[in-house]
Amino acid sequence: MSKSFDFRRARPWEVALTVFALSAPLLLPLAAPGAGGFIRKAVAEDMQKIDSSKLVAIGGAVTEIVYALGEGSRLVARDSTSTFPEEATKLPDVGYMRQLSPEGVIAVNPTAILAVEGSGPPDALAVLKSAGIPFETVPEGYDRAAILKKIDVVGKFLGVEDKARELEAQVGADLDAAIADAAKRPESERKRVLFILSFQNGRVMAAGSHTAADGIIGLAGAINATEGAFDGYKPLTDEAIIKAKPDVVMVMTRPGAGSSDAEILAHPAISVTPAAANKAILRMNSLHLLGFGPRTASAIRDLNKELYGNVSQ
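Residues numbered from 1 in each chain as written. Predicted model: local features only at pLDDT ≥ 70, side-chain atom pairs only at ≥ 80, totals over all residues. Heavy atoms only, no water.

**Student:** So what's going on with the overall build of the chain? Which residues, and what values?
**Tutor:** Along the backbone of the chain there are 13 helices and 10 strands. Expressed as a percentage of the 313 residues in the chain, the buried residues total 44%. Taking the intrachain contacts of the chain between residues at least 6 apart in sequence as the baseline, contacts between residues at least 24 apart amount to 57%. (Helix = DSSP H or I, 4+ residues; strand = E, 2+ residues; numbered from the N terminus. Buried < 20%, exposed > 50% of the residue type's maximum accessible area, 1.4 Å probe, protein only. Contact = heavy atoms within 4.5 Å.)

This is how it looks when you write it as structure tokens:
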């Protein structure tokens, strides 16, 4: 089109011819054999690209994975369970992963959200998903395969698949070594561990099967004292505690919360267990032990050492 062409003064047919002339170069590739499919594919791929430059991570393991992939600079906020690495604690906190406020998340103007499965409440997630912000749920799980799956999902969402494969190989090899070392302990020597999630007013809330606690106890070469009794976390009766016969009572360290060792050991049912006889109370960091992220191999070794006094290699 000539620079002197004036659409305001041109006749209708002149405008039509000019528009056609301008658009012809763009239309020709579409008409060429095979070109249409190529262009449609390119457009589709471009539409699938997610802007994760301002990312909110929900879930301690998710945040750890983002940093382990070398993509921490994308984060603009995290939830209260995301306390590792220390750099994460400097980010705005949008609240506890199971009690999220959609307003608080949206307030940091994220371009994408990564949330571990189990985040909530459901109505808050519904609001976030309807806000037009790309949202990805990272599946939860409590074994080797689940950890590698988390890395894979996060890596794909961030568009760093190569980095994710490298991290999976590294984490997988470390897990294999830690699990194999813990598995060497004979069954007859394995300790029974009662994991107490909460201890309030004499009520014991303990971990059953299909929980993070159950998973890490098994990987570290020990036995969940409640094995097979129930799934999830449930309050235990005195009879159930006595029947469990724990050698060790394990609780998580939480700032400003929890009961003392003396209070736990004085519980009527716990007081008659092998754990009370040996004053075997074990306290560990919850995120490190139960996060099932890149550092789980280290958690397996630490728990194994605490239980048996040996240092896994």
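**Student:** An account of the nonpolar core is needed here, citing residue identities and associated values.
**Tutor:** Membership of the largest hydrophobic core comes to 66 residues, with the highest contact counts inside it found for Leu 114, Ile 216, Met 250, Leu 289 and Leu 303. Looking at this core element by element, the count peaks at seven residues for helix H6 (residues 144-158). Setting aside residues no more than four positions away along its own chain, Met 250 makes contact with Val 193, Leu 194, Phe 195, Ile 196, Ile 217, Leu 282, Met 284, Leu 289 and Leu 303. Within the second largest apolar cluster, 19 residues are counted, among which are Ala 206, Phe 230, Ala 244 and Ala 275. (Core = buried A, V, L, I, M, F, W, Y, C linked by side-chain atoms within 4.5 Å.)

**Student:** Describe empty space enclosed by the protein, naming the residues involved and giving the relevant values.
**Tutor:** Summed over the entire model, instances satisfying the criterion amount to one cavity of 30 Å³ or more. If you add up the space inside the largest cavity, you get close to 40 Å³. Lining the largest cavity are Gly 60, Ala 61, Glu 64, Leu 287, His 288, Gly 291, Phe 292, Gly 293, Pro 294, Arg 295 and Thr 296. Listed by contribution, the elements that provide at least two residues to the lining of the largest cavity are helix H3 (60-68) and helix H12 (286-290). No other element matches H3, which puts three residues into the lining of the largest cavity. (1 Å grid on protein atoms, 1.4 Å probe; cavity = no way out; pocket = protein on both sides within 12 Å on 5 of 7 lines; lining within 4 Å. Points joined across faces, edges and corners; volume = space filled by probe spheres on them.)

**Student:** Lay out the packing of aromatic side chains with the relevant residues and their values.
**Tutor:** For the structure on display, the rule yields two aromatic pairs. Pairing Tyr 142 with Phe 292 gives two aromatic rings, centres 5.5 Å apart and planes at 70 degrees, and the pair type is edge-to-face. With Tyr 142 in the loop between strand S4 (135-138) and H6 and Phe 292 in the loop between H12 and helix H13 (296-308), this pair connects stretches of sequence that are 150 residues apart. The ring centre of Tyr 308 lies 3.8 Å from the NZ or CZ of Arg 185, which sits over that ring. Sitting over the ring of Phe 84, Arg 295 keeps its end group 3.6 Å from the ring centre. (Phe/Tyr/Trp six-rings, centres within 6.5 Å; stacked < 30°, edge-to-face > 60°. Lys NZ or Arg CZ within 6 Å of the ring centre and 35° of its normal.)

**Student:** Talk me through the pairing of strand S3 (residues 112-116); I want residue IDs and the actual numbers.
**Tutor:** Where burial is concerned, most of S3 is hidden: five out of the five residues are buried. Burial along S3 is two-sided: the face carrying Ala 112, Leu 114 and Val 116 and the face carrying Ile 113 and Ala 115 are both buried. One ladder, built from four bridges, connects strand S1 (residues 55-58) with S3; its direction is parallel. Counterpart to Leu 55 in the pairing with S3 is Ala 112. Inspection of the sheet shows S3 paired to S4 by four bridges, in the parallel sense. From the neighbouring strand, Val 116 faces S4, where its bridge partner is Val 138. As for the winding sense of the linkage, the β-α-β connection from S3 through helix H5 (residues 122-130) to S4 is right-handed. (Pairing = 2+ DSSP bridges. Right-handed = clockwise from strand over helix to strand, strands pointing away.)

**Student:** So what about the layout of surface pockets? Which residues, and what values?
**Tutor:** Approximately 910 Å³ is the volume attributed to the largest pocket. What lines the largest pocket is a set of 28 residues, and nearest its centre among them are Thr 81, Tyr 96, Met 97, Ser 286 and Leu 290. Those elements that place two or more of their residues in the lining of the largest pocket are H3 and H12. The leading source of residues in the lining of the largest pocket is H12, at three residues. Among the residues forming the lining of the largest pocket, the class breakdown is 11 nonpolar, 12 polar and five charged. (Nonpolar A, V, L, I, M, F, W, Y, C, P; charged D, E, K, R; others polar.)

**Student:** Describe in detail the environment of Gly 132, supporting the description with residues and values.
**Tutor:** Mapping Gly 132 onto the fold places it in the loop between H5 and S4. Remark: the alpha-carbon pair of Gly 132 and Ala 112, spanning 20 residues in sequence, is separated by 9.3 Å.

**Student:** Tell me about the packing of helix H7 (residues 161-182) against H13, residues and numbers included.
**Tutor:** Remark: H7 packs on H13, axes separated minimally by 8 Å, with the N-to-C direction vectors making an angle of 20 degrees. Between H7 and H13, the angle falls in the class roughly parallel. Note that H7 runs across H13; the crossing there is left-handed. The residues of H13 that touch H7, namely those facing Asp 174, Leu 175, Ala 177, Ala 178, Ile 179 and Ala 182, are Thr 296, Ala 297, Ile 300, Arg 301 and Asn 304. Classifying every residue of the contact of H7 with H13 by side-chain character gives seven nonpolar, two polar and two charged. (Axes fitted to C-alpha atoms, helices over the stretch in contact; angles between N-to-C directions. Parallel < 35°, antiparallel > 145°, perpendicular 65-115°, else oblique. Left-handed = near helix turned anticlockwise from the far one by under 90°.)

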